[in-house]
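Structure assessment
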Amino acid sequence: MSTPKNILFLTFLSILSGLGVSCRPDKPVDREAVKKEMESRELKRVTDAEIMAKGEEVAKEALEATQQTFQKELMKAIQSEGVSGAITYCNTNAMDIVRKLEDSLNISIKRVTDKPRNPADSLTGIEKEIWEAYAYAPANAASQIQELNPTELIFTKPILISSGVCLNCHGKIGEDLTEKNHQLITGLYPSDSATGYKLGDLRGMWRLVIPKKTVVDQL
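Values in this document were obtained by computation on a predicted structure and should not be read as measured data.

Considerations on the nonpolar core
For soluble globular proteins, nonpolar side chains are generally found buried alongside one another. In this structure, Ile107, Ile109, Phe155, Leu208 and Ile210 are the most contacted members of the largest nonpolar core, which totals 22 residues. Looking at this core, the elements that each hand over two or more residues are helix 3 (48-105), strand 3 (152-160), strand 4 (202-211) and helix 7 (212-217). Residue contributions to this core peak at eleven residues, all from helix 3. Once residues lying within four places of it in the same chain are set aside, the contact partners of Ile109 are Thr66, Val98, Leu101, Glu102, Trp206, Arg207 and Leu208. Val112, Trp131, Ile154 and Leu202 belong to the second largest nonpolar core, which has eight residues in total.

A short note on the sheet that holds strand 3
Strand order across the open sheet formed by four strands is 1-4-3-2, with antiparallel pairing between neighbours. With one partner strand each, in any of the chains shown, strand 1 (108-112) and strand 2 (144-149) form the two edges of the open sheet. With strand direction ignored, the average angle separating the axes of adjacent strands in the sheet is 25°. Both strand 1 and strand 4 contribute to a ladder of five bridges, which runs antiparallel.

Observations regarding the pattern of salt bridges
Scanning the model with the defined rule gives eight salt bridges in all. A salt bridge links Lys54 to Glu57, with the shortest nitrogen-to-oxygen separation between them at 3.1 Å. Of the two residues, Lys54 and Glu57 are both situated in helix 3; the distance of three residues between them amounts to about one turn of the helix. Residue Lys54 is classed as buried on the basis of its relative accessible area of 16%. The partner of Glu127 in a salt bridge is Arg207, with the nearest N and O atoms 3.0 Å apart. Taken as a pair, Glu127 in helix 4 (residues 126-136) and Arg207 in strand 4 lie far apart in primary sequence, 80 residues in all. We note that Glu127, like Arg207, is buried.

What about the packing of aromatic side chains?
Note on aromatic pairs: each is described by the distance of the centres and the angle between the planes. Under the definition given, this model contains zero aromatic pairs. Its end group placed over the ring of Tyr197, Lys115 keeps NZ or CZ at 4.4 Å from the ring centre.

Considering helix 4
Along an α-helix, residues three or four apart share an orientation, since each turn contains 3.6 residues. Every buried residue of helix 4 is listed here: Glu127, Ile130, Trp131 and Tyr134. Projection of helix 4 onto a plane perpendicular to its axis shows the buried side chains occupying an angular sector of 100°, all on one side. With respect to the buried face of helix 4, the exposed residues turned more than 90 degrees away are Glu129, Glu132 and Tyr136. The inward-facing, buried residues of helix 4 abut strand 1, strand 2, strand 3 and strand 4.

Reading the values: rules and limits
- Residues numbered from 1 in each chain as written.
- Predicted model: local features only at pLDDT ≥ 70, side-chain atom pairs only at ≥ 80, totals over all residues.
- Heavy atoms only, no water.
- Core = buried A, V, L, I, M, F, W, Y, C linked by side-chain atoms within 4.5 Å.
- Buried < 20%, exposed > 50% of the residue type's maximum accessible area, 1.4 Å probe, protein only.
- Helix = DSSP H or I, 4+ residues; strand = E, 2+ residues; numbered from the N terminus.
- Contact = heavy atoms within 4.5 Å.
- Pairing = 2+ DSSP bridges.
- Axes fitted to C-alpha atoms, helices over the stretch in contact; angles between N-to-C directions.
- Salt bridge = Lys/Arg side-chain N within 4 Å of Asp/Glu carboxyl O.
- Phe/Tyr/Trp six-rings, centres within 6.5 Å; stacked < 30°, edge-to-face > 60°.
- Lys NZ or Arg CZ within 6 Å of the ring centre and 35° of its normal.
- Arc of directions from axis to C-beta.

Right, dumping it as structure tokens:
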């Protein structure tokens, strides 16, 4: 039977292996990340399954707070200034809202898509693989969490065009989206490609990156 010391040693080797640690000098070790991961696991004695389950819980709570904040502020803008006001509001305030939530939750939060309005929201890395799975069967798309790297988890959730309100900014030009508002959008986002959607379409996905240490600290 393995002793606690053996278990910790094997865990240490597993983490080093996951980080790509070897004797080669051209692959520097992220010793700080390894140290924090080991300290967290040793202190709490948690399993990978527990980290994954808690990570999903943390991600869902963070995403709910983010969505509620977005929806609340967006509806305020629409009610006070109409669709054009909402377009301007998203351009000038959306990122500030996200940054405040990221700072308070210690989580990276982003919306990404294959047809971005803002080029910064384009799919990269593992996001492309997850997106392809969502796009293959949008009706069955659901949130999921997986390991991004040895020290972080990635949680994603599909974003669907669920109401006519969405089409005011992302629908068919000249029908759902007026020519005037489309001109406003292209003035703010010259390379915009986020139009032409209809109800039920897959618009994008939420992507949250959660440090494992943040998760372990909450167990």
